[in-house]
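Residue strings, one per chain:
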Amino acid sequence: QVQIVESGGGLVQPGGSLKLSCTASGPIFNIFNLYLAGWYRQAPGKQRELVASITGGGGATNYADSVKGSFTISRDNAKKTVYLQMNGLKPADTAVYYCNIKGGLQNFDFWGQGTQVTVSS
């Protein structure tokens with residue numbers, strides 16, 4: 001039983017905010033801080049790109065240059081949840097956002113189903 005589920009996407013006007021959530025379920029995630037987490041996005045006709053990542057304990061983060069200062073990644077290991085707070089959204093941020101959870105002893109690599117974020121007037 002392994003499941004990665006994203007939520008929180010939707011339609012928002014430029015300059016608005018959204019908060020995405022990614023929840024991991026299954027006994028292999030019992031020690032959730034063994035896993036790195038990241039948010040990726042893919043716009044139509046473009047390659048999937050890394051937006052933000054966070055280490056297992058939440059002590060270090062990394063962001064794409066395009067979202068620095070606007071997006072914040074965080075995690076709550078007790079809830080087995082990873083978040084992406086998106087502020088100051090722009091039309092260029094429109095994409096399907098995917099949650100990636102990887103690591104553990106056997107080098108697992110899991111992806112969620114994606115959640116659509118559309119920034120438009």
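Residues numbered from 1 in each chain as written. Predicted model: local features only at pLDDT ≥ 70, side-chain atom pairs only at ≥ 80, totals over all residues. Heavy atoms only, no water.

Participant: Teacher, can you tell me more about the overall build of the chain here?
Facilitator: Broken down by element type, the chain carries 0 helices and 11 strands. Taken from the N to the C terminus, the helices and strands of the chain come in the order β-β-β-β-β-β-β-β-β-β-β. The C-alpha radius of gyration computed for the chain amounts to 14 Å, which stays within 12% of the reference 14 Å derived for 121 residues, consistent with globular compactness. Counting only C-alpha atoms and orienting by the principal axes, one finds that the chain spans roughly 45 × 25 × 25 Å. Contacts in the chain between residues at least 24 apart in sequence constitute 55% of all its contacts with a sequence separation of at least 6. Roughly 6400 Å² of accessible area belongs to the chain as shown, and the carbon and sulfur atoms make up 49% of that amount. (Helix = DSSP H or I, 4+ residues; strand = E, 2+ residues; numbered from the N terminus. Rg over C-alpha atoms; globule rule 2.2 N^0.38 Å. Contact = heavy atoms within 4.5 Å. Areas by Shrake-Rupley, 256 points an atom, 1.4 Å probe, with all protein chains shown as cover.)

Participant: How do you make sense of the sheet that holds strand E1 (residues 3-7) when you look at a structure like this?
Facilitator: Hydrogen bonding along the main chain pairs the strands of a sheet, whether they run parallel or antiparallel. Pairing within the open sheet is antiparallel, and its 4 strands lie in the order E1-E3-E8-E7. Of all the strands in the sheet, just E1 and strand E7 (71-76) have a single pairing partner and so form its edges. Recorded for the sheet is a direction-independent mean angle of 15° between the axes of neighbouring strands. Judged from the 5 bridges that link them, E1 and strand E3 (residues 18-25) form a sheet pairing that is antiparallel. What sits directly across from Ile4, in E3, is Ala24. (Pairing = 2+ DSSP bridges. Axes fitted to C-alpha atoms, helices over the stretch in contact; angles between N-to-C directions.)

Participant: What's the story with the pairing of strand E9 (residues 95-103) in this structure? I'm lost.
Facilitator: Regular strands place their side chains on alternate faces of the sheet. With respect to burial, E9 is a largely interior element, 7 of its 9 residues being buried. With 8 bridges connecting them, strand E4 (residues 35-42) and E9 associate as antiparallel partners. Within E9, the position partnered with Arg41 by the bridge is Tyr97. From the end of E9 to the start of strand E10 (residues 108-111), which pair antiparallel, there are 4 residues, and Gly104 there has a positive phi angle of about 75°. (Buried < 20%, exposed > 50% of the residue type's maximum accessible area, 1.4 Å probe, protein only.)

Participant: Explain the state of the cysteines here, please?
Facilitator: Note on terminology: disulfide describes a covalent bond linking the sulfur atoms of two cysteines. In total, this model carries 1 disulfide according to the counting rule given. Each disulfide pairs two cysteine sulfurs, and for Cys22 the partner residue is Cys99, the sulfurs being separated by 2.0 Å. Taking the sign of the torsion about the S-S bond as the criterion, the disulfide between Cys22 and Cys99, at about -75°, is left-handed. Here Cys22 is found in strand E3, whereas its partner Cys99 is found in strand E9, with 77 residues between them in sequence. (Disulfide = S-S within 2.5 Å.)

Participant: Would you mind showing me how to read the pattern of salt bridges here?
Facilitator: Between side chains of opposite charge, pairing is possible as soon as their charged atoms come close. Considering all chains together, one arrives at 4 salt bridges under this definition. As a salt-bridge pair, Lys68 and Asp65 come within 3.0 Å of each other at their nearest N and O atoms. Using a relative accessible area of 52% as the deciding quantity, one classes Lys68 as exposed. Overall, the relative accessible area of 65% leaves Asp65 in the exposed class. In the salt-bridge network here, residues are joined through shared partners; they are Arg41, Glu49, Lys90 and Asp93. (Salt bridge = Lys/Arg side-chain N within 4 Å of Asp/Glu carboxyl O.)

These figures capture arrangement, not role.
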